[in-house]
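Coordinate inspection notes
Okay, here's what each chain looks like letter by letter:
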Amino acid sequence: MQDFVLLAANLDRLIQALRAAGYQVMGPTLRDGAIVYDEIHAVGDLPQGWGDDQEKGRYRLKRRQDGAYFGYAAGPHSWKKFLQLPRRPVWQAQKTGHSMQITAAVETVPAMAFLGVRSCELHAIAAQDRVFVTDQYRNDSYSQRRAKLFTVAVNCTSAAATCFCTSMQTGPGVTLPCDLEMTEVIDGAEHFFLLRGGSADGEEILRQLPLSPATERHHRLAQDAVRRTAEQMAQGPRHFDSADLQALLYRNYDSPSWDQVADRCLSCANCTMACPTCFCSTVEDTTDLSGDHAERWERWDSCFTGDFSYISGGAVRADTRSRYRQWMTHKLATWYDQFGSSGCVGCGRCIAWCPVGIDITEEVQRIREAESG
Amino acid sequence: MSKTQGRPKLAVWKFASCDGCQLSLLDCEDELLQLADAVDIAYFMEASSEQVRGPYDLSLVEGSITTEADERRIREVREQSKALVTIGACATAGGIQALRNFADVQEFTAAVYAHPEYIATLKTSTPISTHVPVDFELQGCPINKKQLLEVISAFLHRRPPQVPPHSVCVECKLRGNVCVWVAHGTPCMGPVTHAGCGAICPAYSRGCYGCYGPKENPNTSSLCHWWQQELDADRATVVENLRNFNAAAPAFERESRRQEQRHGEE
Ligand code: SF4
Ligand code: SF4
Ligand code: SF4
Ligand code: SF4
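All values derive from a computational prediction rather than experimental measurement. (Residues numbered from 1 in each chain as written. Chains lettered and ligands numbered in written order. Predicted model: local features only at pLDDT ≥ 70, side-chain atom pairs only at ≥ 80, totals over all residues. Heavy atoms only, no water.)

Focus: the overall build of chain A
Short version of the rule: To qualify as a helix, a DSSP run of H or I must reach at least 4 residues; to qualify as a strand, a run of E must reach at least 2; elements of each kind are numbered from the N terminus. Contacts: residue pairs with any heavy atoms within 4.5 Å of one another. Note on areas: Shrake-Rupley with a 1.4 Å probe; residue coverage comes only from the protein chains shown. When charges are counted, neither His nor the chain ends are considered; positive counts come from Lys and Arg and negative counts from Asp and Glu. Lysine's charge is taken at NZ, arginine's at CZ, aspartate's at CG and glutamate's at CD.
For chain A, the helix and strand inventory stands at 13 helices and 16 strands. Overall, chain A is about 65 × 65 × 35 Å in size when its C-alpha atoms are taken along their principal axes. Pairs at least 24 apart in sequence give 71% of the contacts found in chain A among residues at least 6 apart. Accessible area for chain A stands at about 15,600 Å²; split by element, carbon and sulfur atoms hold 49% of it. Between the averaged position of the 39 positive side-chain charges in chain A and that of its 46 negative side-chain charges there is a distance of 1 Å.

Structure representation (structure tokens):
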């Protein structure tokens, strides 16, 4: 496939081409001390020159020495907030006389372009697709948003300490289909993006950009940057062999490690809300004071709440031990049975955004150690 | 307008409190007319001196029990009410005035009043549920008016109120806030605090200070540990956050006493 070079000075042309094609462009931007995902109007909205320092329970913005646009790792938001809305109306009902009319909520679904989707995030979107689009219980709201989506993927050229995509085989290089794939390269005074079209829509956007053909040297620089990122992660403390996770967890329902983690876990649900694959929601049914009008809303839920497993008589998972075990076992084991893949893509969000720094990779290690005595 | 026939009778009662929660009801403005249509507001001294005698279908109770007269009156209220819902931190957890539970109330009255001998008060401030059975507790200081309307609607139409008891963190994430604890190192009570406010404080880059009281299944000791070990919070900050409007909520009270005790040992 033919690759092209887009000078960093022309990055705004890409954003404007997407906007002109009718897309609402969503991408990274600085807000409240973090890099979040929001609507992007121009290149100036991007977090140029910013990176991050991440550890368990800790995230800090950091000035980079270069002017990289995508020199940060996964932040507090994930793309799921645009596809599986945190809250949305499902239907409303109106009583008139003796009849009742139920009307499904109709959404005006925007065509969105996600700018800067990482490889692990493409895997996360694919995981949610298996839940909401291809599985037997299709979610129309998600499916419609997803169908119109344009993805500009970015190969990772820097990773946070919390990243472990190499362990989950989801990155740092892009391995799943996308509309455009780019690699940001900074080499001395040179700053460019190596671009590749991945779909007809992607090719169409490429045609509108001031591009030059990529040379051997451009390719090498781009590959080196991604390889260095993989090496950095492979040497880090969160690199592990994930091949036996499912069997490991199925053998260890009664591991003493669950009690230990339950002492620390706040059952606050931050991990599941931050996770790009966690898909659970609940519905809230309400009436107004007159009782003539009723509404159903869908909103994100989490297996860490008491209501999640509440049935007549109480919560099935009343204690934190059973909630944490449910979460981790679903992510790393039962997800395979349900959807044929891991429920974890190794983005590290649950590690950084857990207030008390509970680290899923460390917990895997603890279970292993407890088992081997 | 006297079409009171057939409409459920609502009463609003006040015990030791600041009136803020009752005012949330008056603050409902647009919905107030709808409320007046749906119920017969039979007793609500803050709004009208007109009083309709009991029994009442739904009683909203604000305030905590701090005197012997209160103790008697809440029993009378209970007897006259089919359903009793407590509103606010005072009624559900004893309120800020429950700080007396941790000290000597006589010392307080002596310090504050010129003639403390005229003050007849109990040693403690206690929630309504200590004295009579309560059908539902709506937490918050003050309560959220939308939640109040939701609870009233739910009771009127015999359905469960949508007042989830999970953490403020859930609301914070739904809103897309950047976590002030993780990203700024600001101590935040959100992970142990009951949702309902919509995560207002973190939305303005402040830590939650727990005004909605404990969430279900709160792990206060793990939170306090991290605050002190990783966020450099001192013992006083920890105790102040546990011991404000919901000081006597069991989970917060236990933890603040434990923290003080550990301090004493060190
Ligand atoms: S881990 Fe919990 S919140 Fe996430 S998808 Fe599984 S059950 Fe749902
Ligand atoms: S479980 Fe954690 S590391 Fe895995 S995908 Fe979810 S947030 Fe990312
Ligand atoms: S693991 Fe961390 S983020 Fe998840 S519920 Fe427990 S304390 Fe909250
Ligand atoms: S800012 Fe506070 S309430 Fe919000 S997620 Fe962080 S700890 Fe929870």
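The discussion continues.
With respect to unusual backbone geometry
Cis geometry is adopted by the peptide bond preceding Pro-55 of chain B, which originates at Gly-54 of chain B and carries an omega value of 0°. The peptide bond linking Cys-141 of chain B to Pro-142 of chain B adopts the cis configuration, its omega dihedral lying at -5°. Along the chain, Pro-142 of chain B falls in the loop between strand 5 (136-138) and helix 6 (145-156). Unusually for a residue other than glycine, Asp-32 of chain A sits at a positive phi of about 50°. Although it is not a glycine, Ala-199 of chain B adopts a positive phi angle of roughly 60°. For Ala-199 of chain B, the location among the structural elements is in the loop between helix 8 (180-184) and helix 9 (200-203).

Some remarks on the packing of aromatic side chains
Residues and elements named next belong to chain A. Just so we agree on the cut-off: Each pair of aromatic rings taken from Phe, Tyr and Trp, with Trp reduced to its six-membered ring, is defined by centres within 6.5 Å and is described as stacked if the planes are under 30 degrees apart, edge-to-face if over 60, and tilted in the remaining cases. To sort residues, take the accessible area from a 1.4 Å probe on protein chains only and compare it with the maximum for the residue type: under 20% means buried, over 50% means exposed, and anything in between is partly exposed.
Summed over all chains, the structure comprises 24 aromatic pairs over all chains. Ring centres of Tyr-37 and Trp-79 lie 3.8 Å apart, and the angle between their planes is 10°; on these two criteria the pair is classed as stacked. Residue Tyr-37 is found in strand 3 (residues 34-39), and its partner Trp-79 is found in the loop between strand 5 (58-63) and helix 2 (80-83); the two are separated by 42 residues along the sequence. The residues Tyr-37 and Trp-79 share a single accessibility class, namely buried. Judged by centre distance (6.3 Å) and plane angle (40°), the rings of Trp-79 and Phe-82 are tilted. The exposure classification of Trp-79 matches that of Phe-82, with both residues buried. One aromatic cluster in this structure is built from Phe-132, Tyr-142, Phe-279, Trp-335 and Phe-339.

Quick word on the side chain of Thr-183 of chain A
Our working rule: Here a polar contact means two N or O atoms within 3.5 Å. Within protein one must be a hydrogen donor candidate and the other an acceptor candidate, and residues neighboring in sequence count only if both atoms are side-chain atoms.
Relative to the elements of secondary structure, Thr-183 of chain A occurs in strand 10 (residues 180-187). Engagement of the side chain of Thr-183 of chain A in a polar contact is seen with the side chain of Asn-155 of chain A, the distance being 2.9 Å.

Remarks on the interface of chain B and chain A
By convention, interface size is frequently given as the accessible area that disappears when the constituent parts associate. As a reminder, the rule being used: Accessible area that two parts lose when put together, with a 1.4 Å probe and added across both, is what the buried area reports. Salt bridges, as used here, are contacts in which a Lys or Arg side-chain nitrogen is within 4 Å of a carboxyl oxygen on Asp or Glu. Any residue that is not Ala, Val, Leu, Ile, Met, Phe, Trp, Tyr, Cys, Pro, Asp, Glu, Lys or Arg is counted as polar, Gly included; the first ten are nonpolar and the last four charged.
At the interface, 38 residues of chain B touch 48 residues of chain A. Taking both sides of the interface into account, the surface hidden between chain B and chain A amounts to around 3,300 Å²; carbon and sulfur atoms contribute 56%. Interface area lost by chain B to chain A is led by Lys-173, Leu-174 and Val-182 of chain B, which between them contribute 21%. Counting across the interface, chain B meets chain A through one salt bridge. Residue Glu-216 of chain B pairs with Arg-323 of chain A through a salt bridge whose shortest N-O separation is 2.8 Å. Counting the contacts that link chain B with chain A gives 24 residue pairs in polar contact (both at pLDDT 80 or more). For the side of chain B that touches chain A, the elements supplying multiple residues, two or more each, are helix 2 (30-38), helix 6, helix 7 (168-174), helix 8 and helix 10 (220-230) of chain B. Here the side of chain B that touches chain A gets five residues from one element, more than from any other, and that element is helix 6 of chain B. Among the residues making up the side of chain B that touches chain A, the classes are represented as 18 nonpolar, 14 polar and six charged.

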